[in-house]
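# An overview of the molecular structure
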Amino acid sequence: MSSKDAITPREQDYSAWYNELIEVADLAEHSAVRGCMVIKPYGYAIWEAIQRQLDDRIKATGHLNAYFPLFIPKSFLQKEAAHVEGFAMECAVVTHSRLKKGPDGQLVPDPESALAEELIVRPTSETIIGESFARWVQSYRDLPLLINQWANVVRWEMRTRLFLRTMEFLWQEGHTVHADFDDAEAETSRMLEVYREFAESVLAMPVYVGKKTEREKFAGAEHTYCIEAMMQDRKALQAGTSHHLGQNFARAFKIEYLSKDQKQQTAYTTSWGVSTRLVGGLVMTHSDDKGLVLPPAVAPIHVVVIPIRCGKPEERAEVEAYLAPLLKRLEGVQFKGRPVRVHVDMSDQRPGAKHFTWEKKGVPVRVEVGPRDMKEGNLVYALRTTLGTEEGKKTIGRDAFGEGLVALLEDYQRGLLERARAFRDAHTRDVDDKAAFEAFFTPKSEERPEIHGGFARAGWCGEGECEAQVKERHKVTVRCIPFTGEPFTGACVWCGKPARAGQPRVLWAKAY
RNA sequence: CGGGCGGUGGCGCAGUGGUAGCGCACGCGGUUUGGGACCGUGAGGUCGGGGGUUCGAAUCCCCCUCGCCCGACCA
């Protein structure tokens with residue numbers, strides 16, 4: 001693909017579109033290390049925006065940040081049976097502490113430096129943190145213990161995709177300790193709600209909330225709650241998880257406290273996380289065939305100004321003088337608690353080329369300033385996506401633009417959420433008949449196998465066997481058992497036995 | 001980890017045994033500038049890595065590696 005060409009349209013090949021978009025928007029690239037990515041400055045700025053705003057919420061709910069080691073002694077991982085079972089297949093293992101020159105001059109691990117106990121590069125930190133928590137928690141007065149860490153983790157994946165699944169990824173992982181089950185349960189729910197609100201108000205990504213099935217829950221958890229988003233190819237993306245770990249890790253690591261009535265009690269723990277995968281979700285929720293589309297809340301740049309003429313020093317000076325009152329006006333102006341970010345593109349590309357560049361990078365508002373506008377006290381602006389309203393550029397007074405910018409960004413942010421919600425709702429359907437269920441998930445065309453119905457709400461008996469068969473046959477899984485919805489009294493869509501009592505229709509979908 | 005397809009300048013590609021090329025991007029000079037400018041002139045590649053066959057390998061053979069797609073696994 002030459003840089004002059006447009007990217008592959010979504011209709012033609014959704015995967016190719018995704019990969020090319022990440023390249024042309026300059027978000028990330030493959031590294032020399034298989035399965036690992038380099039997050040480029042523009043992509044990292046999006047992650048930083050996510051971090052900042054989520055970190056604010058994590059702190060607002062009483063959590064403190066801390067940092068634990070990258071390396072986990074193998075014996076720690078082994079202490080929780082289900083946990084080690086779940087992660088054993090994808091662990092990077094450190095076996096030696098130094099290199100030496102081998103017979104052929106190549107560096108090899110020095111056999112004499114073999115570690116007495118091998119170290120695992122953390123795939124998640126429940127165990128290493130559990131070991132600390134056991135010492136930190138002594139009394140009921142130490143509870144609840146509410147900790148979060150921002151970190152990288154490694155899971156040795158066989159098949160990777162930029163942002164969606166890489167061997168190393170960045171995330172936050174909250175780890176908390178509570179006196180009893182109910183308090184841990186409240187925490188698990190509270191943080192899921194933080195994620196839901198964050199996804200919708202910051203990422204403009206509508207999500208379904210619910211509980212994972214036994215098959216899909218976190219290795220070592222009592223139960224797992226999740227937020228699930230629908231991508232434009234109608235597949236589900238697990239965008240965040242919150243786990244009630246019960247006493248599983250507390251028992252394994254002896255996280256115990258003396259209660260008010262002088263009894264030694266085993267604590268209850270939770271963990272919850274979201275990762276750089278959200279950036280991939282963001283891309284697949286909003287972007288179009290022209291490139292990235294970003295909600296202003298996470299856009300590294302809110303407004304890019306494209307001067308029509310700025311080749312000569314006197315032209316630049318004129319543009320700068322014209323923009324000065326606007327930039328001054330916007331100083332200190334905030335959107336979603338962060339300064340409004342304006343970039344003036346004085347590079348020597350032609351105006352059209354600048355439009356294409358910034359359009360691909362998803363900047364919400366592009367502003368043109370030309371000789372005509374400067375004469376008339378105006379500027380011309382265009383939104384990255386018009387969201388179905390009237391197309392094209394609008395002329396507005398320079399000062400009026402400054403006045404109205406925050407409202408413009410707010411409308412745009414809301415518009416993206418509404419559009420995504422409408423798309424999701426249009427492709428989420430109650431399906432009660434097995435034949436209809438199968439038809440729903442059967443691609444309409446060989447050429448575009450990814451296009452299928454979307455999310456189906458359907459009855460489920462609750463048996464893992466049914467789930468397994470559906471996955472085998474249609475690559476469809478239960479994404480979650482929604483918290484809301486009428487208890488469903490009909491049959492399991494697959495086996496025909498009665499749906500599990502008191503449970504609503506569950507959410508079935510193909511997933512990333 | 002299995003199957004398929006790929007790796008030639010930053011990007012996209014041509015080149016099937018005989019002097020490594022093209023387009024875009026890039027540097028310099030100039031003319032331009034309201035949706036991807038044009039002219040002139042330059043720079044840039046031990047052809048993914050290693051081994052083999054050959055007088056000679058980007059090209060043929062073997063091994064490795066990385067990427068993409070499909071499976072199994074997974075945030």
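Bear in mind the structure is a predicted one, so any value in this text is a computation, not a measurement.

The 11 strands lie next to each other as β3-β9-β10-β16-β13-β12-β11-β26-β27-β25-β24, forming an open sheet whose pairing is mixed. With one partner strand each, in any of the chains shown, β3 (64-65) and β24 (428-430) form the two edges of the open sheet. The sheet contact formed by β3 and strand β9 (residues 145-154) spans 2 bridges and is parallel. Bridged to Leu64 within β9 is Ile147. This element, helix α6 (residues 181-201), spans β9, β10 (168-178), β11 (207-211), β12 (223-230), β13 (236-244) and β16 (268-275) of the sheet and lies at about 10° to β12.

Now for the pairing of strand β8 (residues 114-121). The pairing of strand β4 (residues 71-73) with β8 spans 3 bridges and is classified as antiparallel. If you follow Ile72 over to β8, its bridge partner there is Ile120. The sheet contact formed by strand β5 (residues 93-96) and β8 spans 3 bridges and is antiparallel. Each residue of the ladder has a partner; that of Val94, found in β8, is Leu119.

Of all hydrophobic cores here, the largest spans 77 residues; its most connected members are Leu203 and Phe401. When residues in this core are grouped by element, the largest group, 7 residues, is from helix α2 (residues 41-60). Here this core gathers at least three residues from each of two domains, domain 1 (14-73 + 131-286) and domain 2 (297-424). Sequence-distant contacts of Leu203, defined by excluding residues within four places in its chain, comprise Ile50, Phe198, Leu278, Leu282, His286, Pro295, Val298 and Gln413. Formed by 26 residues, the second largest nonpolar core is a distinct cluster that contains Phe76, Phe87, Phe133 and Ile255.

Between α2 and helix α8 (residues 277-286), the shortest axis-to-axis distance is 10 Å and the interhelical angle comes to 110°. Viewed along their axes, α2 and α8 adopt a mutual orientation that is roughly perpendicular. Two secondary-structure elements touch here, α2 through Ile46, Trp47 and Ile50 and α8 through Leu278, Val279 and Leu282. Each residue belonging to the contact of α2 with α8 can be placed in one class, and the counts come to 6 nonpolar, no polar and no charged.

What follows deals with unusual backbone geometry. Negative phi values dominate among residues other than glycine, just as trans dominates among peptide bonds. Residue Leu143 is joined to Pro144 through a cis peptide bond whose omega torsion reads -5°. For Pro144, the location among the structural elements is in the loop between α5 (126-136) and β9. The phi dihedral of Arg234 is positive, around 75°, even though this residue is not glycine. For Arg234, the position within the fold is in the loop between β12 and β13.

Further remarks concern the domain arrangement of chain A. For chain A, the assigned domains are domain 1 (14-73 + 131-286), domain 2 (297-424) and domain 3 (428-509). The gap between the C-alpha centroids of domain 1 and domain 2 is 34 Å. Contacts between the two partners involve 26 residues from domain 1 and, on the opposite side, 17 residues from domain 2. Across the interface of domain 1 and domain 2, roughly 2000 Å² is buried in total on both sides, 61% from carbon and sulfur atoms. At the junction of domain 1 with domain 2, the criterion picks out 2 salt bridges. Close ionic contact of Lys361 with Asp26 constitutes a salt bridge, the shortest N to O distance being 3.8 Å. The tally of links from domain 1 across to domain 2 stands at 7 residue pairs in polar contact (both at pLDDT 80 or more). Secondary structure elements with two or more residues in the side of domain 1 that touches domain 2: α2, α6, β11 and α8. Of the residues assigned to the side of domain 1 that touches domain 2, the class counts are 17 nonpolar, 5 polar and 4 charged.

A few words on the sheet that holds β4. The strand order β4-β8-β5 describes an open sheet built from 3 strands, whose pairing is antiparallel. A single partner strand is all that each edge strand has here, and the edge strands are β4 and β5. Each neighbouring strand pair of the sheet contributes to a mean axis angle of 40°, computed without reference to strand direction.

Looking now at α5. Most of α5 is tucked away: 8 of the 11 residues are buried. The set of residues buried in α5 consists of Glu126, Thr127, Ile128, Ile129, Gly130, Ser132, Phe133 and Ala134.

Under the criterion given, the structure shown has 16 aromatic pairs. Considering the side-chain rings of Phe68 and Trp136, the 5.7 Å spacing of their centres and the 35° angle between planes classify their relative orientation as tilted. With a gap of 68 residues between them, Phe68 in the loop between β3 and β4 and Trp136 in helix α5 connect regions that are remote in the sequence. Given a relative accessible area of 5%, Phe68 falls into the buried group. Ring centres of Phe440 and Phe441 lie 5.1 Å apart, and the angle between their planes is 85°; this geometry places the pair in the edge-to-face category. Just as Phe440 is buried, Phe441 falls in that class too. Here a set of aromatic residues connected by ring pairs shows up, and it is made of Phe437, Phe440, Phe441 and Trp508. Over the ring of Trp494 we find Lys434, and its NZ or CZ is 4.1 Å from the ring centre.

Criteria and cut-off values
- Residues numbered from 1 in each chain as written.
- Chains lettered and ligands numbered in written order.
- Predicted model: local features only at pLDDT ≥ 70, side-chain atom pairs only at ≥ 80, totals over all residues.
- Heavy atoms only, no water.
- Pairing = 2+ DSSP bridges.
- Helix = DSSP H or I, 4+ residues; strand = E, 2+ residues; numbered from the N terminus.
- Contact = heavy atoms within 4.5 Å.
- Axes fitted to C-alpha atoms, helices over the stretch in contact; angles between N-to-C directions.
- Core = buried A, V, L, I, M, F, W, Y, C linked by side-chain atoms within 4.5 Å.
- Buried < 20%, exposed > 50% of the residue type's maximum accessible area, 1.4 Å probe, protein only.
- Domains from an automatic or database assignment.
- Parallel < 35°, antiparallel > 145°, perpendicular 65-115°, else oblique.
- Nonpolar A, V, L, I, M, F, W, Y, C, P; charged D, E, K, R; others polar.
- Buried area = accessible area lost by both parts, 1.4 Å probe.
- Salt bridge = Lys/Arg side-chain N within 4 Å of Asp/Glu carboxyl O.
- Polar contact = N/O pair within 3.5 Å; in protein donor to acceptor, adjacent residues only side chain to side chain.
- Phe/Tyr/Trp six-rings, centres within 6.5 Å; stacked < 30°, edge-to-face > 60°.
- Lys NZ or Arg CZ within 6 Å of the ring centre and 35° of its normal.

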